[in-house]
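The lines below spell out each chain.
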Amino acid sequence: MKRWKKAIRREKGYGMKKYGIIYIIILTGLFVNFYWQPAYAATRANDTIVINEILASSHSLTLDPDYNQFVDWIEIYNSGTTAVDLQGSYLTDNHNQPKKWLVSREAIVPAKGYLLFWADGMDTGRHTNFKLSNAGEFVGLYAEGGAVIDSLSFGKQESDISYGRRIDNPTIMLFYEQPTPGGANSTVGLPTSQQSGSVEVNTPSGFYANSIRVTMSAPGAIRYTTDGSTPTRTSREYASPLNFTSTTVLKARSFATNLLPGTTTTRTFFIDENMTLPI
């Protein structure tokens, strides 16, 4: 009888230790899960992910942070309340080749946020193995299993003018003279890709002495800059001949109502420059 009682006590003690250990393991797991979870709870791509904006002909607006070049880009938007990891999905410019480029690294699109992919052919990080054609083509985002997440087709594109979803109605695509990579499409968008005419400048680029007088003409209002930036609708408006007395880079663009701005005309005037090397 005494031996049985000892055995029962030992068994009870073992049980207490066993369940105590299990209890500690559970608490540890809860602690680790609570305190060591990432700042985002990233899920796989779902119906909150869309291709929001593309730029298929980048010449002077957005430099990529890795190679410091003006390149094409694809902007992804997540309308959901949970971050989404696009790793394992695919981007392509050919609907017959949905798995053309694998997103091989973590690519988190924040909730209500944006993520850029650079379409420059570099095939590394967030740089795709293809470029976009300004003649018009297809862009698609596919899930790991091959299902379409989102896609869009676009026609001829102009330099530094993006194509994206209207901010208050994502089913409508517009052309944006002021692209917004990594942000909402909050600038003026137009439904047509038709542009205003080009600016004619009476004086060619070159070397000049003392000063130079420049006149311009165009079918719409002319906006210009002298700091190297691309003219926008808020740049200085041309009203009378311009006089330059020092070396200047002049950029001018025509703006007309209900049309996209014309192409940028550039002139470089070297004034009173003494050059020792051939130019």
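Calculation rules
- Residues numbered from 1 in each chain as written.
- Predicted model: local features only at pLDDT ≥ 70, side-chain atom pairs only at ≥ 80, totals over all residues.
- Heavy atoms only, no water.
- Helix = DSSP H or I, 4+ residues; strand = E, 2+ residues; numbered from the N terminus.
- Contact = heavy atoms within 4.5 Å.
- Areas by Shrake-Rupley, 256 points an atom, 1.4 Å probe, with all protein chains shown as cover.
- Salt bridge = Lys/Arg side-chain N within 4 Å of Asp/Glu carboxyl O.
- Buried < 20%, exposed > 50% of the residue type's maximum accessible area, 1.4 Å probe, protein only.
- Patch = residues over 30% accessible without salt bridge, like charges linked within 9 Å, V, L, I, M, F, W, Y side chains within 5 Å.
- Polar contact = N/O pair within 3.5 Å; in protein donor to acceptor, adjacent residues only side chain to side chain.
- Pairing = 2+ DSSP bridges.
- Phe/Tyr/Trp six-rings, centres within 6.5 Å; stacked < 30°, edge-to-face > 60°.

Draft legend 1. Representation of the overall build of the protein within the structure. When its secondary structure is counted, the protein shows one helix and 21 strands. For the protein, long-range pairs separated by at least 24 residues make up 56% of all intrachain contacts whose partners lie at least 6 apart in sequence. Carbon and sulfur atoms form 53% of the exposed surface of the protein, whose accessible area is close to 15,900 Å².

Draft legend 2. View of the pattern of salt bridges. Enumeration according to the criterion identifies six salt bridges in this entry. For the salt bridge of Asp93 with Lys100, the shortest nitrogen-to-oxygen distance reads 2.7 Å. Across the pair Lys156 and Glu158 runs a salt bridge whose closest N-O atoms are separated by 2.9 Å. Under the relative-accessibility criterion, Lys156 is labelled exposed at 52%.

Draft legend 3. Geometry of a nonpolar patch on the surface. On the surface, Phe207, Met275 and Ile279 cluster together into a nonpolar patch covering about 340 Å² of accessible area. Inspection of the secondary structure puts Phe207 in strand β14 (residues 206-208). Taking relative accessible area as the criterion, Phe207 reaches 42% and is therefore assigned partly exposed.

Draft legend 4. Region of interest: the side chain of Thr180. Note on placement: Thr180 falls in the loop between β11 (169-176) and β12 (189-190). Of the residues examined, Thr180 reaches a relative accessible area of 14% and is grouped as buried. At 3.0 Å, the side chain of Thr180 forms a polar contact with the backbone oxygen of Ala184. At a separation of 3.1 Å, a polar atom in the side chain of Thr180 contacts the side chain of Asn185. Among residues more than four places away in sequence, those in contact with Thr180 are Glu53, Glu75, Asn185, Ser186 and Thr187.

Draft legend 5. Spatial organisation of unusual backbone geometry. Despite not being glycine, Asp123 shows a phi value in the positive range, around 55°. Here Asp123 is to be found in the loop between β7 (114-119) and β8 (137-142). Unlike most non-glycine residues, Asp272 shows phi in positive territory, near 55°. Tracing the chain through its elements places Asp272 in the segment after β21 (265-271).

Draft legend 6. Representation of the environment of Pro261 within the structure. Relative to the elements of secondary structure, Pro261 occurs in the loop between β20 (248-255) and β21. Counting along the chain gives 40 residues from Pro261 to Ala221, while the straight-line C-alpha distance between them is 9.7 Å. Leave out the neighbours within four places in its chain, and Pro261 touches Ile161, Glu177, Gln195, Ser196, Arg233, Arg253, Ser254 and Phe255.

Draft legend 7. Focus on the pairing of strand β10 (residues 162-166). The buried count for β10 comes to four of five residues, which makes it a mostly enclosed element. Note that strand β1 (residues 49-55) and β10 share two bridges and pair antiparallel. Pairing of Ile54 across the sheet is with Tyr163, part of β10. As paired elements, β10 and β11 share five bridges and run antiparallel to each other. The residue of β11 that forms the bridge with Ser162 is Tyr176. Between β10 and β11, which pair antiparallel one after the other, the connecting turn spans two residues.

Draft legend 8. Structural view of the sheet that holds strand β4 (residues 90-92). The sheet built from four strands is open, its strands ordered β5-β4-β8-β9 with antiparallel pairing. Two strands lie at the open edges of the sheet, namely β5 (101-102) and β9 (148-154), each paired on one side alone. Looking at chain direction, β4 and β5 are connected through two bridges and run antiparallel. From the neighbouring strand, Leu91 faces β5, where its bridge partner is Trp101.

Draft legend 9. Seen up close, the packing of aromatic side chains. Here the structure, examined in full by the defined rule, presents six aromatic pairs. Their ring planes at 75° and their centres at 5.9 Å tell us that Trp101 and Phe117 sit as a pair that is edge-to-face. With a gap of 16 residues between them, Trp101 in strand β5 and Phe117 in strand β7 connect regions that are remote in the sequence. Here Trp101 matches Phe117 in class, with each residue buried. A ring pair is formed by Phe244 and Phe269, whose centres lie 6.0 Å apart and whose planes are at 25°; its orientation type is stacked. Within this pair, whereas Phe244 is found in strand β19 (residues 242-244), its partner Phe269 is found in strand β21, the two being separated by 25 residues in sequence. Members of the aromatic cluster, joined through ring pairs, are Tyr208, Phe244 and Phe269.

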